[in-house]
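# Structural overview
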Amino acid sequence: MTDFRWPRSAAEIDRIQSERKRIAVERALQSPFWKRRMPSLDLDHLDDPDVWRRIPVLTKDALREIPAQWFHEEFCIAPRTKVVEYWRSGGATGRPLFYPRSADDMATNIMAFERAWALIGATAEDCAHISFPLGVHPVAHLYARAAINLGIGTVWCGAGTNTASEAQLELIGQLKPTLWIGMASYGLHLANLAETKGIDLSQSTVKKLLVPAEPLPPVKRGKLERAWGAEVFDHFGMTEAAIVSGEGLDHNGMHAFTDLWHLEVLDDAGDPVAEGEVGSLVVTALWSNTMTPFLRWSSGDLVSLAPAAGGAHPWSVFPIMRHARRTVGFFKVRGVNINHAELEDAMFRDPSVVDFRAEVYNAGGNDALHLHVETRTGGIAPIVDMIRRTFQLTPEVTLLPRGTIAKEFEANVKAPRFVDKRG
């Protein structure tokens, strides 16, 4: 029987946090990088928020200052002979980084992904069609390996670059998986492709969608639910940690694994926000830190964290996280801030919009927002009017033939929906 290591109470989580924070700091102090950065600390009083917040917040920019060839010697605390695999960061905010993982760390990380499957009620009766990219980025492998440990069937398709999207639709029909896992954007792409081919995914055997790796606003969630006729679950993690939180069968936000990660939600001044308020997420690995000491890691996400809602499930003891958005996701066009998630919501609220791509460029000294759109109706006037009313900005709109954006996904599953061409 799988040991998910579920804590039994909030008091047990507090005990784990207190014990493991000290171990996390002691391990970090073995790193040349941290030795230079760390102030003098009283390790007996790390539960005092004022003492804990003396530790500098760690950012990706700070890690990028380390030359790649010296990253291991500067940041890591175990020899290269202890490395069992490398994880690639997403690179959404710049040059990707590659993090080594030890076997000890992997035991915790795989267990966290096993929990992720348990959250959605997946069992050995299920089969999971996995549409995350298969490569150095670890998410597809980790979900698949954890699923295998639980006896869940797996179809390792990867994304369109590994298995063409048309072939993926055929496999869904032939192998009859009950679960689909991938990025929400790729799930929408498969649904759009199915529609053009006369395939009704809502009649498939897939009953649950698991869509980590990007923000999932309500409009995108609803569009996925309607297209697939399936229950949608949101999970949240990062390469610097593993699965940090996940939506369970109760659909009451994401349960944050605070026995594995110490989580802080901070305002712009670096102070904690009130419970339930949105702030910047800072993460400390409590267990997965025998190789890379991620201490007070700034994830680049805006989240809220509220007390546990309670319930009968073993994960009901955890606090509830809600993911607002990435901190880097916006355009500034002619003085107007356009949040990527808000633009995506606005576009997908229109049922005639199949898919879109947004570009910003400079035209004769003026910034311009250019929307490339696939629609079911062929009309652009409602889109122009909606953007003007929502963002006080008149966009350029180009209609694309159905399937054009899908081809971009075939070449790159993370083909950017938002592109700033201003240099």
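Preceding this section is the structure that the text describes.
The structure contained in this document is the topic of the report that follows. Bear in mind that the values here come from a model prediction, so they are computed numbers and not experimental data. (Residues numbered from 1 in each chain as written. Predicted model: local features only at pLDDT ≥ 70, side-chain atom pairs only at ≥ 80, totals over all residues. Heavy atoms only, no water.)

The subject of this paragraph is the nonpolar core. Of all hydrophobic cores here, the largest spans 80 residues; its most connected members are Leu 63, Trp 117 and Trp 261. Sorting elements by how many residues they give to this core places helix α6 (residues 103-119) first, with 9 residues. If near-sequence neighbours (up to four positions away) are discounted, Trp 117 is found in contact with Ala 122, Ala 128, Tyr 143, Ala 146, Ala 147, Leu 150, Ile 152, Leu 179, Ile 181 and Leu 210. In terms of nonpolar packing, the next biggest core, distinct from the first, is built from 42 residues, Tyr 186, Met 347, Leu 369 and Ile 383 among them. (Core = buried A, V, L, I, M, F, W, Y, C linked by side-chain atoms within 4.5 Å. Buried < 20%, exposed > 50% of the residue type's maximum accessible area, 1.4 Å probe, protein only. Helix = DSSP H or I, 4+ residues; strand = E, 2+ residues; numbered from the N terminus. Contact = heavy atoms within 4.5 Å.)

The space that makes up the second largest pocket amounts to roughly 710 Å³. Forming the boundary of the second largest pocket are 29 residues, of which Gln 17, His 262, Leu 263, Glu 264 and Leu 305 lie nearest the centre. Of all the secondary structure elements, the ones that give two or more residues to the lining of the second largest pocket are α1 (10-28), α3 (49-52), β11 (261-266) and β13 (297-306). Residues belonging to the lining of the second largest pocket are distributed by class as follows: 17 nonpolar, 4 polar and 8 charged. (1 Å grid on protein atoms, 1.4 Å probe; cavity = no way out; pocket = protein on both sides within 12 Å on 5 of 7 lines; lining within 4 Å. Points joined across faces, edges and corners; volume = space filled by probe spheres on them. Nonpolar A, V, L, I, M, F, W, Y, C, P; charged D, E, K, R; others polar.)

With burial as the criterion, each face of strand β3 (residues 127-130) is covered, one bearing Cys 127 and His 129 and the other bearing Ala 128 and Ile 130. Traced from β3 through helix α7 (residues 139-149) to strand β4 (residues 153-156), the parallel crossover comes out right-handed. Here 3 bridges tie β3 to strand β5 (residues 179-181), and the two strands are oriented parallel to one another. Bridge pairing links His 129 to Trp 180 in β5. (Right-handed = clockwise from strand over helix to strand, strands pointing away. Pairing = 2+ DSSP bridges.)

Glancing now at the packing of aromatic side chains. Enumeration over the complete set of coordinates arrives at 17 aromatic pairs. With 5.5 Å between their ring centres and 75° between their planes, Phe 33 and Phe 75 make a pair best called edge-to-face. On the criterion of sequence distance, the pair formed by Phe 33 in helix α2 (residues 32-37) and Phe 75 in helix α5 (residues 71-75) is long-range, its members being 42 residues apart. An identical accessibility class is assigned to Phe 33 and Phe 75; each is buried. Aromatic pair Phe 71 and Tyr 99: ring centres 6.1 Å apart, planes at 45°, arrangement tilted. Taken together, the positions of Phe 71 in helix α5 and Tyr 99 in strand β2 (residues 98-102) put the pair 28 residues apart, joining distant regions of the chain. The class of Phe 71 is buried, set by a relative accessible area of 8%. Taking relative accessible area as the criterion, Tyr 99 reaches 0% and is therefore assigned buried. An aromatic cluster of three or more residues is present, and its members are Phe 33, Trp 34, Phe 71, Phe 75, Tyr 99, Phe 294 and Trp 297. A cation over an aromatic ring shows up here: Arg 417 above the ring of Phe 356, its NZ or CZ 5.1 Å from the ring centre. (Phe/Tyr/Trp six-rings, centres within 6.5 Å; stacked < 30°, edge-to-face > 60°. Lys NZ or Arg CZ within 6 Å of the ring centre and 35° of its normal.)

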